[in-house]
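This is what each chain is made of:
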Amino acid sequence: MHHELVDNLDVEIPTAVSTTVTKKEHILEKLNKRNKNRQNYLDVKLEQRHKDNLQLEGTDYFSQAFAEKVRDIETRIKNVNEAGKKKSGGDGPSLDLGRHFTDITLEIQELQRYLTTSTMFLSDFKIKACQSIVNELTTRSEDTRTRLSPKKKFGFSGRKVAPKTTLNPKLSSAATDKVDSSEARLHMATNKVINWTIANRSNEYIYLQSDKINGKDITITNLENCFVELRGHAGSLQISHAANCIFLTGPIARSLFAEHCIECTLCVGCQQLRLHSSMKCRVYLHVTSRAIIEDCREIEMAPYNNDYVGIEEDFQAAGLSKEQNNYADVADFNWLSSDISSPNWRLLKGDFISINWEEMRTQFRQQYLDNSAL
């Protein structure tokens with residue numbers, strides 16, 4: 001009897017101990033997982049708070065710097081206006097209006113560039129308000145120049161006027177692209193190329209070559225059914241509100257910020273990618289830091305595969321390493337769990353990874369452009 005009890009104990013004790021250990025391990029695993037998720041949540045919140053603080057500080061600094069630049073330009077316009085009035089009244093010294101207004105125009109150009117490069121952290125309202133100020137300064141400068149400049153005498157000339165060349169409106173290039181009106185006035189005044197802005201286009205193939213975009217900040221907004229090709233190394237690229245578009249670019253020195261993109265295909269190389277409020281987009285990406293998405297759904301990622309003559313030099317000029325590509329390192333700010341992958345994006349697989357951009361370009365032209373007019 002004693003031996004039977006011992007035998008029974010020998011069998012039952014390990015089972016009880018094993019069950020207890022399993023329960024403890026299960027509880028510890030749940031606690032560790034809960035703590036890990038909580039820590040991830042706190043890390044994301046801390047990062048968001050840090051980002052908000054940086055944005056607030058950046059906005060405050062921008063507002064002060066922008067206001068100072070505006071005051072300086074207003075003072076220069078006022079001084080030139082007063083000096084011009086004195087000269088016209090015979091009281092003032094000789095005045096080189098051309099030089100003064102060229103300097104003012106260059107300052108306005110610098111102000112426009114400062115605004116363009118700061119749009120990453122400014123609200124839409126702030127951007128519109130500041131752009132309105134830049135436009136107003138441009139108008140005031142041009143009006144003052146016109147008012148103070150000597151009036152030309154009318155006369156007849158035997159010179160023939162060259163006929164205007166009619167361009168195909170469906171095939172856009174750097175020479176025919178639309179530019180914001182304030183930037184166009186600055187371009188005419190200084191004979192310098194100012195950062196391109198492509199806006200309000202549909203069913204068009206838009207091509208900007210390297211000598212027009214190298215080192216510049218490109219802004220694109222309100223496009224539908226467009227194929228945009230940027231050949232060269234831009235400084236930065238911002239895309240807002242695009243539907244069913246293709247963006248094929250060379251390496252971008254700094255960041256690509258895209259928002260409100262629906263059913264778009266992007267082939268881009270950059271230092272950092274920020275994709276916001278977009279859905280059903282396919283991104284062929286070369287990124288040296290990481291990609292960040294927020295409020296996005298159905299995003300597909302694949303390695304960058306654009307190629308053209310001179311792309312190696314463009315990568316060097318942009319300061320990007322071709323050997324370092326973190327296209328699969330995507331941070332989703334709307335997904336906190338570290339154990340489960342975000343359902344908002346995935347890596348592209350299959351035949352879609354290898355894409356022939358020449359065929360895509362040809363198909364687009366056949367579908368949206370009138371080839372008889374090309």
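Please read all numbers here as calculations on a predicted model, not as lab measurements.

(A) Just a nonpolar patch on the surface, in detail. A cluster of nonpolar side chains, I27, L28 and L31, forms an exposed patch at the surface whose accessible area comes to about 280 Å². Following the sequence through the fold, I27 ends up in helix α1 (residues 2-88).

(B) Molecular detail of the side chain of Q238. Following the sequence through the fold, Q238 ends up in strand β6 (residues 236-243). What Q238 contacts, discounting residues up to four positions off in sequence, is T119, I218, T219, I220 and F257.

(C) Summary view of the environment of S342. Considering the arrangement of structural elements, one finds S342 in the loop between β14 (330-332) and β15 (345-347). In contact with S342, not counting residues within four places along its chain, are D332 and W335. Side chain to side chain, S342 and D332 meet in a polar contact 2.6 Å long. A polar atom in the side chain of S342 sits 3.1 Å from the backbone nitrogen of N344.

(D) The arrangement of the packing of aromatic side chains in detail. By the definition in use, this model includes six aromatic pairs. Between K69 and the ring centre of Y114, over which it is positioned, the NZ or CZ distance is 5.3 Å. Positioned over the ring face of Y205 is R365, at 4.6 Å from the centre of the ring.

(E) Just unusual backbone geometry, in detail. Here H241, not a glycine, exhibits a phi torsion of approximately 60°, which is positive. Structurally, H241 is set in strand β6. In this model, S277 sits at a positive phi of 45°, which is unusual for a non-glycine residue. With respect to the helices, strands and loops of the structure, S277 is situated in the loop between β10 (272-276) and β11 (279-287). Using a relative accessible area of 28% as the deciding quantity, one classes S277 as partly exposed.

(F) Layout of the pattern of salt bridges. Per the counting criterion, the structure on display carries 13 salt bridges. Between R290 and D329 there is a salt bridge, and its shortest N-O distance comes to 3.7 Å. Of the two residues, R290 sits in the loop between β11 and β12 (291-294) while D329 sits in the loop between α6 (311-318) and β14, which places them 39 residues apart along the sequence. On the accessibility criterion, D329 (36% relative accessible area) is partly exposed.

(G) Main features of α6. Listed as buried for α6 are I311, D314, F315 and A318. Buried residues of α6 fall within an arc of 100° about the axis and therefore sit on the same side. Facing away from the buried side of α6 by more than 90 degrees, the exposed set consists of E313 and Q316. Check the buried side of α6 and you find it contacts β7 (246-251) and β11.

(H) Quick look at the nonpolar core. Membership of the largest hydrophobic core comes to 37 residues, with the highest contact counts inside it found for I239, F247 and M301. For this core, the leading source of residues is β11, giving four residues. The next biggest cluster of nonpolar side chains, apart from the first, holds 20 residues, and it includes F66, I77, F101 and C130.

(I) A look at the pairing of β11. In terms of strand pairing, strand β9 (residues 265-270) meets β11 through six bridges, oriented parallel. Within β11, the position partnered with G269 by the bridge is H286. Here β11 runs beside strand β13 (residues 297-303); their pairing, made up of six bridges, is parallel. When the sheet's bridge partners are listed, M279 is paired in β13 with R297.

What counts, and at which threshold
Residues numbered from 1 in each chain as written. Predicted model: local features only at pLDDT ≥ 70, side-chain atom pairs only at ≥ 80, totals over all residues. Heavy atoms only, no water. Patch = residues over 30% accessible without salt bridge, like charges linked within 9 Å, V, L, I, M, F, W, Y side chains within 5 Å. Areas by Shrake-Rupley, 256 points an atom, 1.4 Å probe, with all protein chains shown as cover. Salt bridge = Lys/Arg side-chain N within 4 Å of Asp/Glu carboxyl O. Helix = DSSP H or I, 4+ residues; strand = E, 2+ residues; numbered from the N terminus. Contact = heavy atoms within 4.5 Å. Polar contact = N/O pair within 3.5 Å; in protein donor to acceptor, adjacent residues only side chain to side chain. Phe/Tyr/Trp six-rings, centres within 6.5 Å; stacked < 30°, edge-to-face > 60°. Lys NZ or Arg CZ within 6 Å of the ring centre and 35° of its normal. Buried < 20%, exposed > 50% of the residue type's maximum accessible area, 1.4 Å probe, protein only. Arc of directions from axis to C-beta. Core = buried A, V, L, I, M, F, W, Y, C linked by side-chain atoms within 4.5 Å. Pairing = 2+ DSSP bridges.

Function cannot be read off these values alone, since they describe shape.
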